[in-house]
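As a plain string of letters, each chain reads:
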Amino acid sequence: MIPASIQYYLRRNRVLYERYWHPRAVSAQELAEALHVSGWRVAKSVIVMADRQPWIFVVPAAGTVDLERVRELLGVRTARLATEREFTDHFPDCETGAEPPFGELYGLPVAVDETLSLTEHLLFRAGSHEEALEMRFQDFATLEWPLVASFIHERLQPSASAVTIIPPLLMEQDAPIPA
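Here the structure is a predicted model, which means the values were calculated and not measured. (Residues numbered from 1 in each chain as written. Predicted model: local features only at pLDDT ≥ 70, side-chain atom pairs only at ≥ 80, totals over all residues. Heavy atoms only, no water.)

**Things to note about the nonpolar core**
Within the largest apolar cluster, 30 residues are counted, with the highest numbers of intra-cluster contacts made by Ile6, Leu10, Phe91, Phe102, Leu133, Met135 and Phe140. Elements supplying a minimum of two residues to this core: α1 (4-12), β2 (42-50), β3 (53-60), β5 (110-113), β6 (121-125), β7 (131-136) and α7 (137-144). Broken down by element, the residue count for this core peaks at four residues, all from α7. Among residues more than four places away in sequence, those in contact with Phe102 are Ile6, Tyr9, Leu10, Ile56, Phe124, Met135, Phe140, Leu143 and Glu144. In terms of nonpolar packing, the next biggest core, distinct from the first, is built from 15 residues, Phe57, Val65, Ala149 and Phe151 among them. (Core = buried A, V, L, I, M, F, W, Y, C linked by side-chain atoms within 4.5 Å. Buried < 20%, exposed > 50% of the residue type's maximum accessible area, 1.4 Å probe, protein only. Helix = DSSP H or I, 4+ residues; strand = E, 2+ residues; numbered from the N terminus. Contact = heavy atoms within 4.5 Å.)

If you want it as structure tokens, here you go:
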């Protein structure tokens, strides 16, 4: 279940969203499979330690973070994937591995790979391995003011058809929580 703090955060900021229940999916690629969508359609939060500062890097499930690009982008000496021990305390109401991209809520800076900015909607985990959340990219950008840049490995870049504007999922869903 999506934690109450996330639901409240979105309601307080008047952000409409859709909720999708699915069989337990631990990885973002499993989430894409469970929802029958491309791995380029699902966004995942990757926690990166840039020097000693944790960041949320949001990338397509089918992509991987290029840590050298991150280091150059942020102008830091070191960039590496954070260990669970380093980030779980930042997300006390979330299942480990299901961290949402809401840095404003959890006190962390956020960066989004530019491929995701080309889609109309973001589909991602919101604290649970059994429920996903979808919202308009523009609403997410207004809410979080993320750094938008290219930082996934080049060999994994999606084809042009994978980053075109994609309509919301077509499946039975809850109505968005009104503002």
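**Points about the side chain of Glu99**
Take Glu99: it is sitting in the loop between α4 (84-87) and α5 (103-106). In this structure Glu99 is buried but unpaired, with Arg125 as the nearest side chain of opposite charge at 7.2 Å. A polar contact of 2.8 Å, which involves the side chain of Glu99, links it to the backbone nitrogen of Gly97. (Lys, Arg positive; Asp, Glu negative; His and termini not counted. Salt bridge = Lys/Arg side-chain N within 4 Å of Asp/Glu carboxyl O. Polar contact = N/O pair within 3.5 Å; in protein donor to acceptor, adjacent residues only side chain to side chain.)

**Quick word on α1**
Those residues of α1 that fall on the buried side of the exposure criterion are Ile6, Gln7, Tyr9 and Leu10. Along the long axis of α1, the arc covered by the buried residues comes to 160°, so they all point the same way. The exposed set on the far side of α1, more than 90 degrees from its buried face, consists of Ala4 and Tyr8. For α1, the secondary structure elements touched by its buried residues are β1 (18-21), α5, β7 and α7. Downstream of α1 by a residue or two, Arg14 has a phi angle that is positive, lying close to 55°. (Arc of directions from axis to C-beta.)

**Focus on the layout of surface pockets**
The calculated volume of the largest pocket comes to roughly 320 Å³. Every element with two or more residues in the lining of the largest pocket is listed here: β2, α4 and β6. For the lining of the largest pocket, the leading source of residues is β2, giving five residues. When grouped by side-chain class, the residues that make up the lining of the largest pocket number eleven nonpolar, five polar and four charged. (1 Å grid on protein atoms, 1.4 Å probe; cavity = no way out; pocket = protein on both sides within 12 Å on 5 of 7 lines; lining within 4 Å. Points joined across faces, edges and corners; volume = space filled by probe spheres on them. Nonpolar A, V, L, I, M, F, W, Y, C, P; charged D, E, K, R; others polar.)

**Things to note about the side chain of Glu134**
Tracing the sequence through the fold places Glu134 in strand β7. Looking at Glu134, the relative accessible area reads 1%, which means it is buried. Engagement of the side chain of Glu134 in a polar contact is seen with the side chain of Arg41, the distance being 2.5 Å.

**Examining α7**
Looking only at α7, the buried set comprises Phe137, Phe140, Ala141, Leu143 and Glu144. Within α7, the buried residues cover an arc of 165° as seen down the axis, which keeps them to one side. In this structure, the buried side of α7 is in contact with α1, α5, β5, α6 (114-117), β6 and β7. Note on α7: the residue one or two positions beyond its end, Trp145, has a positive phi of about 45°.

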